[in-house]
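# Analysis of the macromolecular model
The primary structure of each chain is shown beneath.
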Amino acid sequence: MTEPIKTDVLIIGAGPVGLFAVFELGLLDIKAHLVDILDKVGGQCAELYPEKPIYDIPAIPQISGQGLVHALMEQIKPFNPTFHLGEMVTTLEKIGEPLFRVTTDRGKVFEAKAVAIAAGGGSFQPKRPPINGIEPYEGKSVHYAVRKMDTFRDKRLVIVGGGDSALDWTLNLAPIAKRLTLVHRRDDFRGAPDSVNKMRALVANGGVDLKIGQVTLLEGGDGQLTAASIKGNDGTVTRVECDALLPFFGLTMKLGPVADWGLKLDDDLIPVDTGTFETEIPGLFAIGDINTYPGKVKLILCGFHEAALMAQRAYHYVFPEKRLVFQYTTSSTNLQKKLGVA
Ligand SMILES: Cc1cc2nc3c(=O)[nH]c(=O)nc-3n(C[C@H](O)[C@H](O)[C@H](O)COP(=O)(O)OP(=O)(O)OC[C@H]3O[C@@H](n4cnc5c(N)ncnc54)[C@H](O)[C@@H]3O)c2cc1C
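Residues numbered from 1 in each chain as written. Predicted model: local features only at pLDDT ≥ 70, side-chain atom pairs only at ≥ 80, totals over all residues. Heavy atoms only, no water.

### Side note on the overall build of the protein chain
To keep things clear, this is the line we draw: Counting from the N terminus, the helices are the DSSP runs of H or I reaching at least four residues and the strands are the DSSP runs of E reaching at least two. Remark: exposure states derive from per-residue accessible area (1.4 Å probe, protein chains only) relative to the maximum for the residue type, with buried under 20%, exposed over 50%, and partly exposed in between. The contact criterion used is simple: two residues touch if any of their non-hydrogen atoms lie within 4.5 Å. We get accessible surface area from the Shrake-Rupley algorithm with a probe of 1.4 Å; when it comes to residues, only the shown protein chains can shield them. Think of it this way: Lys and Arg go in the positive column, Asp and Glu in the negative one, and His and the chain ends go nowhere. Charge coordinates come from a single atom per side chain, which is NZ of Lys, CZ of Arg, CG of Asp or CD of Glu.
Helix and strand counts for the protein chain stand at 7 helices and 19 strands. Projected onto its principal axes, the C-alpha coordinates of the protein chain cover approximately 70 × 45 × 35 Å. Across the 342 residues of the protein chain, 49% fall into the buried class. Counting contacts in the protein chain only where the partners sit at least 6 residues apart, residues at least 24 apart contribute 58% of the total. Total accessible area on the protein chain is roughly 16,700 Å²; 51% of this is exposed by carbon and sulfur atoms. Positive and negative side-chain charges of the protein chain, numbering 37 and 40 respectively, have mean locations separated by a distance of 3 Å.

### Some words on the sheet that holds strand β12 (residues 209-221)
Working definition: the strands of a sheet are paired by backbone hydrogen bonds and lie parallel or antiparallel to each other. The condition that has to hold: Note on pairing: two strands pair once DSSP finds at least 2 bridges between them. Here the axes come from fitting lines to C-alpha atoms, over the contacting stretch only for helices, and the angles between their N-to-C directions go from 0 to 180 degrees.
Taken in spatial order, the 6 strands of this open sheet run β14-β13-β12-β11-β10-β15, and their pairing is mixed. Looking at strand neighbours, the two that pair on one side only are β14 (237-241) and β15 (244-247), the edges of this open sheet. Neighbouring strand axes in the sheet, compared pairwise and without regard to direction, differ in orientation by 35° on average.

### Focus: the site of the ligand
Filter applied, for reference: A cutoff of 4 Å decides nearness: a residue is near a molecule or strand if any of its heavy atoms lies inside that distance of it. Pairs of N or O atoms within 3.5 Å make up the polar contacts considered here, provided that, within protein, one atom can donate a hydrogen while the other can accept it, and that residues adjacent in sequence are counted only when both atoms are side-chain atoms. Gly is placed with the polar residues, together with every amino acid not listed as nonpolar (Ala, Val, Leu, Ile, Met, Phe, Trp, Tyr, Cys and Pro) or charged (Asp, Glu, Lys and Arg).
Residues in close proximity to the ligand total 32 residues, the closest being Asp36, Gln44, Tyr49, Val89 and Asp289. Ile37 places a polar main-chain atom, nitrogen or oxygen, 3.3 Å from a nitrogen atom of the ligand. Here a nitrogen atom of the ligand and a side-chain polar atom of Asp56 are 2.9 Å apart. Where the shell around the ligand is concerned, the elements lending two or more residues are α1 (16-27), β2 (32-36), α2 (43-47) and β9 (123-126). No other element matches α1, which puts 3 residues into the shell around the ligand. Among the residues forming the shell around the ligand, the class breakdown is 17 nonpolar, 10 polar and 5 charged.

### Let's talk about the packing of aromatic side chains
In this description, a pair of aromatic rings is defined by centroid distance and the angle of the planes. Put simply, the rule reads: The pairing test for Phe, Tyr and Trp rings, Trp by its six-membered ring, is centres within 6.5 Å, and the orientation test on the planes gives stacked under 30 degrees, edge-to-face over 60, and tilted for anything in between. Two conditions define a charge located above a ring, namely a distance within 6 Å from the ring centre to NZ of Lys or CZ of Arg, and an angle within 35 degrees of the ring normal.
Across all of its chains, the model carries 7 aromatic pairs by this definition. Between Phe23 and Phe79, the ring centres sit 5.7 Å apart and the planes meet at 75°, which makes this aromatic pair edge-to-face. Within this pair, whereas Phe23 is found in helix α1, its partner Phe79 is found in the loop between α3 (65-76) and β5 (82-85), the two being separated by 56 residues in sequence. In terms of burial, Phe23 and Phe79 fall into one category: buried. What links up through ring pairs into an aromatic cluster is the set Phe20, Phe23, Phe79 and Phe304. One residue, Lys322, lies across the ring of Phe319, its end atom 4.3 Å from the ring centre.

### Some remarks on the environment of Val215
Topologically, Val215 is positioned in strand β12. The exposure class of Val215 is buried, given its relative accessible area of 7%. The spatial distance from the C-alpha of Val215 to the C-alpha of Lys322 is 62 Å, given a sequence separation of 107 residues. Setting aside residues up to four positions removed in sequence, Val215 forms contacts with Ile131, Val160, Val183, Ala228, Ser229, Ile230 and Leu245.

### Some remarks on the domain arrangement of the protein chain
Note the following rule: The domain boundaries here were taken from an automatic or database domain assignment.
The assigned domain composition of the protein chain is domain 1 (5-124 + 252-338) and domain 2 (128-249). Spacing between the C-alpha centres of domain 1 and domain 2 amounts to 36 Å.

### Things to note about helix α4 (residues 164-173)
The set of residues buried in α4 consists of Ala166, Leu167, Trp169, Thr170 and Leu173. The elements touched by buried residues of α4 are β10 (156-160), β11 (179-184), α5 (193-204) and β15.

### As for the pairing of strand β1 (residues 5-12)
How we decide: Here, the term right-handed applies to a crossover whose path from the first strand over the helix to the second runs clockwise when the strands point away from the viewer.
Of all 8 residues in β1, 6 are buried; the element is thus mostly enclosed. As judged from the 7 bridges shared by β1 and strand β8 (residues 109-117), these two strands associate in the parallel manner. Counted as the bridge partner of Leu10 is Val115 from β8. As paired elements, β1 and β2 share 4 bridges and run parallel to each other. Residue pairing across strands places Leu10 opposite His33, the latter belonging to β2. Handedness of the β-α-β unit built from β1, α1 and β2 comes out right-handed.

What follows is the structure, encoded as structure tokens:
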């Protein structure tokens, strides 16, 4: 078995609440690792509304989703958390008092004295395009994410979609692909104007083929694609030989593996004690959008409060022999030293 990564607290989910938990834990000398399915931090703020303004973060009259994520990353810098991005936590089991073993879909194993589930609305999962018979190719020659660009070197690629992901990967993969065809249902792209311009320049100089229409048929065998048929809006069908298809149709949120961790759920949410934000399993916490309790409101500020109380309780699992002394950051030189300001 892979050598386990040992940590005080493992945080599942690097959304705003998981990030702030690092700060509250750090003030108490508790080290944290974070795992997130996404290849970036920030959860819903970064993935769903990076440019939208948020108006209800205490003492910050207005900040964008991504701005909040940047500020949180700056705030937790002194605690030097370790991020494991692009990985989904699949299993969680209690193996001692207090000790948890957690594994990811990429084979990492963690052992933590406490675990904070900050999984929000669950896992972001790619939307499957409406192409009959796509399932057998998924994970083999149909990919919803690019984990390693080199996998696509010298391959004939078909990228489908009109948003930022489709455009970014078109621009990044075109130089290494043997041939790249971008397919979108209309000749109007939602992505950043600069990316649209760069893509159009590539099309103009022959570096990328642009097809307006929809992929209607896949050909191949044993999970390996050989061609895709694209039906244009005028009804004409073009057959494009390809080795891989990369659809970027956005993400949906599904509860995912959280449902398999032996917790009694209430409407897909994890019930917690509101004094500690601990679940029914000692040492296992749930904070942010994933939890439920009487009066729960799914707001970032509520998640921040939950993270603070979770950290106070987690301290007893990490340092069972020590007594926790409450301190303010304004007046404690000890805390200020940890923050690097004293
Ligand atoms: C359009 C929109 C506007 C909003 N506006 C506001 C607002 O103005 N003010 C406000 O307070 N709130 C707002 N919200 C709600 C706010 O974004 C959420 O309350 C907040 O993001 C919850 O944070 P979180 O960290 O609990 O979860 P999330 O932000 O959902 O992050 C959870 C993370 O956990 C990861 N994850 C899940 N399962 C796993 C797993 N098994 N393994 C690894 N990682 C996993 C996910 O990939 C995700 O990144 C808005 C939400 C939306 C969609």
